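Here is what each chain is made of, one letter per residue.
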Amino acid sequence: MAFVNLEVSGGVGTIRLDRPPMNALDVSVQDRLRELAVEAGARDDVRSVILYGGEKVFAAGADIKEMREMDHAAMVVRSRALQESFTAVARIPKPVVAAVTGYALGGGCELALCADHRIAGDNAKFGQPEILLGLIPGAGGTQRLARLIGPSRAKDLIFTGRQVRADEALRIGLVDRVVPAAEVYEQAHAWAAKLAQGPALALRAAKESVDTGLETDLESGLAVERTWFAGLFATEDRERGMRSFVEDGPGKAKFL
């Protein structure tokens, strides 16, 4: 049985976690996430992506029973595969939104951090509780969380393992929008569907420029931006967008 699936409609691909009751992220789920992230990135009929765990829970973290059976040698090997699975999601070269309901804890929080945009239900709870197990986040939490909300706030969550409700998550910048839980997927789909109509290569260029710039110095980041900016002048979408602007006014270009 596949606990993660990719459903595509109207240019929007939904990567859906479906491992009741809590969408625990065991090894099989991690590996499947990586496979589907690569597939979503490669498919021409997928122009934007939603990460979704269903109406009740996003993902409550790793499968602790499975992890408990691993010794140091096993985790030295597995930890790289774990990070690579989440990195594959973060590197999908298309806009990605996390639609979060219920718990997004541990690996679930780290998965949401891999998205470009996060829409949370008013029932959502986020956290990195690994410290309560005598561990630290191992799927990017110490790195992506600090980059998103700043090192001091990230350390507070990581050091204490406390859970953050949706309103606080919005206040500290962990999520971008809070909506009624019943509207989470609808709102995420609207965001993704709008961007699915946009210029695919320019969106890819924008995402790579921002992400690469965050990982390097300003001068190197500007070089990446400059290269992409000039390169987009060779695309049909650039020609279509500028022609539409001149002939019809701003915001009316059709890129599909």
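Treat the numbers as computed from the prediction; the structure is a model and nothing was measured.

A. Representation of the nonpolar core within the structure. Residues Ile-15, Leu-51, Phe-58 and Phe-126 are the most contacted members of the largest nonpolar core, which totals 46 residues. When residues no more than four places from it in sequence are discounted, the contact partners of Leu-51 are Ile-15, Phe-58, Val-89, Val-96, Val-97, Ala-98, Ala-99, Leu-111 and Ala-115. If you look at the next biggest cluster of nonpolar residues, it comprises eleven residues, including Tyr-52, Ala-99, Ile-119 and Ala-192.

B. Spatial organisation of the environment of Lys-252. Inspection of the secondary structure assignment puts Lys-252 in the segment after α11 (236-248). We classify Lys-252 as exposed; its relative accessible area is 52%. There is a polar contact of 3.2 Å between the side chain of Lys-252 and the backbone oxygen of Asp-248.

C. Representation of the layout of surface pockets within the structure. The computed volume of the largest pocket comes to approximately 1000 Å³. Taken together, 35 residues make up the lining of the largest pocket; nearest its centre are Ala-90, Arg-144, Asp-211, Leu-214 and Glu-215. Those elements that place two or more of their residues in the lining of the largest pocket are α3 (72-90), α5 (141-149), α8 (184-196) and α9 (200-214). Sort the elements by how many residues they give to the lining of the largest pocket and α9 lands first, with nine residues. Its boundaries defined by the atoms lining it, the second largest pocket holds a volume of some 680 Å³. Lining of the second largest pocket is provided by 33 residues; of these, Ala-62, Met-67, Glu-130, Leu-135 and Ile-136 occupy positions nearest its centre. Every element with two or more residues in the lining of the second largest pocket is listed here: α2 (64-68), α3 and α4 (107-113). For the lining of the second largest pocket, the residue count by class is 16 nonpolar, nine polar and eight charged.

D. Focus on the side chain of Asp-237. In this structure, Asp-237 sits in helix α11. Apart from the residues within four sequence positions on either side, Asp-237 is in contact with Pro-199, Ala-200 and Phe-255.

E. Examining the pairing of strand β4 (residues 96-100) more closely. Among the five residues in β4, five count as buried, and that is most of the element. Residues Val-96, Ala-98 and Val-100 of β4 are buried on one face, and the alternating residues Val-97 and Ala-99, pointing to the opposite face, are buried as well. Where strand β3 (residues 48-52) lies against β4, four bridges are found, and the strand directions are parallel. Across the sheet, the residue bridging to Val-49 is Val-96, located in β4. In this sheet, strand β6 (residues 117-121) lies alongside β4 in parallel orientation, the contact comprising four bridges.

F. Structural detail: the packing of aromatic side chains. Following the criterion strictly, the structure yields two aromatic pairs and no others. Plain terms: the ring middles of Tyr-52 and Tyr-185 are 4.8 Å apart, the flat faces sit at 45° to each other, and that makes the pair tilted. Of the two residues, Tyr-52 sits in strand β3 while Tyr-185 sits in helix α8, which places them 133 residues apart along the sequence. Taking the relative accessible area as the measure of exposure, Tyr-185 reaches 27% and is therefore partly exposed. Ring geometry for Phe-229 versus Phe-233: centroids 5.5 Å apart, planes at 75°, classification edge-to-face. Over the ring of Phe-3 we find Arg-19; its NZ or CZ atom is 5.5 Å from the centre of that ring.

G. Molecular detail of helix α6 (residues 151-160). When we look at burial in α6, the residues that qualify are Ala-154, Leu-157 and Ile-158. Taken around the axis of α6, the buried residues stretch over an arc of 95°, which confines them to a single face. Looking at α6, the residues exposed on the side facing more than 90 degrees away from the buried face are Ser-152 and Phe-159. Buried residues belonging to α6 abut α5 and β8 (163-165). Looking one or two places after α6, you find Gly-161, whose phi comes out positive at around 70°.

Rules and cut-offs
Residues numbered from 1 in each chain as written. Predicted model: local features only at pLDDT ≥ 70, side-chain atom pairs only at ≥ 80, totals over all residues. Heavy atoms only, no water. Core = buried A, V, L, I, M, F, W, Y, C linked by side-chain atoms within 4.5 Å. Buried < 20%, exposed > 50% of the residue type's maximum accessible area, 1.4 Å probe, protein only. Contact = heavy atoms within 4.5 Å. Helix = DSSP H or I, 4+ residues; strand = E, 2+ residues; numbered from the N terminus. Polar contact = N/O pair within 3.5 Å; in protein donor to acceptor, adjacent residues only side chain to side chain. 1 Å grid on protein atoms, 1.4 Å probe; cavity = no way out; pocket = protein on both sides within 12 Å on 5 of 7 lines; lining within 4 Å. Points joined across faces, edges and corners; volume = space filled by probe spheres on them. Nonpolar A, V, L, I, M, F, W, Y, C, P; charged D, E, K, R; others polar. Pairing = 2+ DSSP bridges. Phe/Tyr/Trp six-rings, centres within 6.5 Å; stacked < 30°, edge-to-face > 60°. Lys NZ or Arg CZ within 6 Å of the ring centre and 35° of its normal. Arc of directions from axis to C-beta.

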